[in-house]
Amino acid sequence: MLLALALLTTVTPAAAATPDVAPTPGVAPTPGQAAPGVDPVRAQEYWLESSGVREAWATTRGKGTRIAVIDTGIGRAPEFDGAVVGGTDVSGAGSPDGRTPVGAVDANHGSWVASLAASRGLPDETGMIGVAPEAELLSVSVGFGATSQVPFAQQIAEGIRWSVDNGADIINLSFTTNTLDWDKSWDDAFLYAFENDVVVIVAAGNRGSGTARVGAPATVPGVLSVAGVDPSGAASLEASTQGITIGVAAPSERLLGVSADGQVVVWNGTSGAAPLVAGIAALVRSAHPELDAANVINRIISTTKRAAGMGSAPDRLYGYGLVDAAAAVTASVPTVTENPMGDLAEWIRVHRRAAAENPEPQPSQGVVELPALPPADAARTAVSPLLPTVDTLLYGSLPLLAGTVAAILVSLGVSAAVRRIRLGRADRASSR
């Protein structure tokens, strides 16, 4: 199973002005150009404005919601103080509380993801702040590739179940397997989340990491898969992909992330776009606690903004459009009775049915007794085809002989009768 995480193009302290964070029209300025009194880190969080997050904060900041980040673990940077309320490790390589980053290469990935969703910032109103800064976080550490001896599919299934059992309202999965199908163990795990009213947000994947089209878990019916756009709102050429299962699009370039040690870096990828939407889902659930998961997803996709060049929705690059946190929280949206992103239970019924109805033949476990065969016919002695047989005599020669004799007798009788008639005529003629 090939796994792909975020496309990390730059690992640079966010306070340093570099070409990778150059200003874009309509985007917050770089640190060197920050407005007076504006924290240079938060000045780079352009998505807070472009995706309507700051406007949504007038209504809610996500209080009362819980986001499970199933990733490489959330570190202990000060931006997470008070945010992480629980955790576990399913990789066998981390600590029991899920707070020890797992992996030599991807160790900071979980912290970056979590910071976009619900970083608290620093006490002096500086530092990176997440989309839902009052939401709670659950840290579920997993190991990618050879980092763990536990099969990856098993880790994810266990992580989902643990998250549901520990009160998650939203689960974020920022990875792709680069395959359309998924392990059957995920059927029950994702169903468990959906049946317990949990919103599952997943990353669509990145072309720059070799993902030409969406792969599982973005192909699982019922999840909200997130594509990526650049700061101008155009589909990202490297930090996104395409597919018919994409639900919405969110920023995936020039993102910030708090590393496990507290360093703020710049990075790209739908691994970052997904937690932005997970944070928006937390805002919606906080503002509308009466809504179930299907209606939370429906509000997010129904209030999107149309992207330039976007086709009919759902579009292969943008899904239903660009996320708008303010509209998702405040707009009037009719309720739905079904998850607009699909029904996993129905998919399982249709696509797993053939295997269930036509199982692989299994070898017999016991001795099978067969009925005795009937006795064989006695062998016949070979005879010459020129000699008569009983059948030819009974059904050929004898009937033919009988018919011939009868014909002869009839002929003789007729001849005798003719002779008598002639003799009778001759006697009458001589008497005259």
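Residues numbered from 1 in each chain as written. Predicted model: local features only at pLDDT ≥ 70, side-chain atom pairs only at ≥ 80, totals over all residues. Heavy atoms only, no water.

1. Notes on the overall build of the protein chain
Thinking step 1. Scanning the protein chain from N- to C-terminus turns up 12 helices and nine strands.
Thinking step 2. Put simply, the protein chain shows about 20,700 Å² of open surface, and 56% of that area lies on carbon and sulfur atoms. (Helix = DSSP H or I, 4+ residues; strand = E, 2+ residues; numbered from the N terminus. Areas by Shrake-Rupley, 256 points an atom, 1.4 Å probe, with all protein chains shown as cover.)

2. A closer look at the pattern of salt bridges
Thinking step 1. Per the counting criterion, the structure on display carries seven salt bridges.
Thinking step 2. E136 is the salt-bridge partner of R66, the closest N and O atoms lying 2.7 Å from each other. Linking R66 in strand β1 (residues 66-71) with E136 in strand β3 (residues 136-141), this pair joins segments that are 70 residues apart in sequence.
Thinking step 3. Across the pair D187 and R352 runs a salt bridge, and its minimum N-O distance is 2.9 Å. Highlighted residues: D187 in helix α6 (residues 185-195) and R352 in the loop between α10 (344-351) and α11 (353-357), separated in sequence by 165 residues. Each of the two residues, D187 as well as R352, counts as buried. (Salt bridge = Lys/Arg side-chain N within 4 Å of Asp/Glu carboxyl O. Buried < 20%, exposed > 50% of the residue type's maximum accessible area, 1.4 Å probe, protein only.)

3. Side note on the packing of helix α7 (residues 270-287) against helix α8 (residues 293-302)
Thinking step 1. It is the contact of α7 with α8, at a shortest axis distance of 10 Å, that shows an interaxial angle of 115°. Every pair of crossing elements has a handedness; the one defined by α7 and α8 is right-handed. Contacts from V277, I280, A281, V284 and R285 in α7 reach A293, V296, R299 and I300 in α8.
Thinking step 2. The residue makeup of the contact of α7 with α8, split by class, is seven nonpolar, no polar and two charged. (Axes fitted to C-alpha atoms, helices over the stretch in contact; angles between N-to-C directions. Left-handed = near helix turned anticlockwise from the far one by under 90°. Contact = heavy atoms within 4.5 Å. Nonpolar A, V, L, I, M, F, W, Y, C, P; charged D, E, K, R; others polar.)

4. Some words on the packing of helix α4 (residues 109-118) against α7
Thinking step 1. Running from amino to carboxyl end, α4 crosses α7 at an angle of 35°, the nearest separation of the two axes being 7 Å. Every pair of crossing elements has a handedness; the one defined by α4 and α7 is right-handed. Here α4 contributes H109, V113, L116 and A117 to the contact with α7, which in turn contributes S271, G272, P275, L276 and G279.
Thinking step 2. Taken together, the residues of the contact of α4 with α7 sort by class into five nonpolar, four polar and no charged.

5. Some words on helix α5 (residues 152-165)
Thinking step 1. In a regular helix each residue adds 1.5 Å, so 14 residues correspond to 20 Å; α5 covers 20 Å between its end C-alpha atoms and thus fits that length.
Thinking step 2. Of the residues making up α5, those classed as buried are F152, A153, Q155, I156, A157, G159, I160, S163 and V164.
Thinking step 3. Against β1, β3, β4 (170-173) and α6 lie the buried residues of α5.
Thinking step 4. Positive backbone phi, approximately 85°, marks G167, located one or two places after α5. (Expected span 1.5 Å × (residues − 1).)

6. Section: the layout of surface pockets
One simple way to see leftover space: roll a probe sized like a water molecule over the atoms.
Thinking step 1. Approximately 320 Å³ is the volume attributed to the largest pocket.
Thinking step 2. Taken together, 22 residues make up the lining of the largest pocket; nearest its centre are F194, A294, N339, G342 and D343.
Thinking step 3. Mapped by element, the contributors of at least two residues to the lining of the largest pocket are α6, β5 (199-203), α8 and α10.
Thinking step 4. In terms of residues, the lining of the largest pocket owes the most to one element, α8, which gives four residues.
Thinking step 5. Taken together, the residues that form the lining of the largest pocket break down as 12 nonpolar, five polar and five charged. (1 Å grid on protein atoms, 1.4 Å probe; cavity = no way out; pocket = protein on both sides within 12 Å on 5 of 7 lines; lining within 4 Å. Points joined across faces, edges and corners; volume = space filled by probe spheres on them.)

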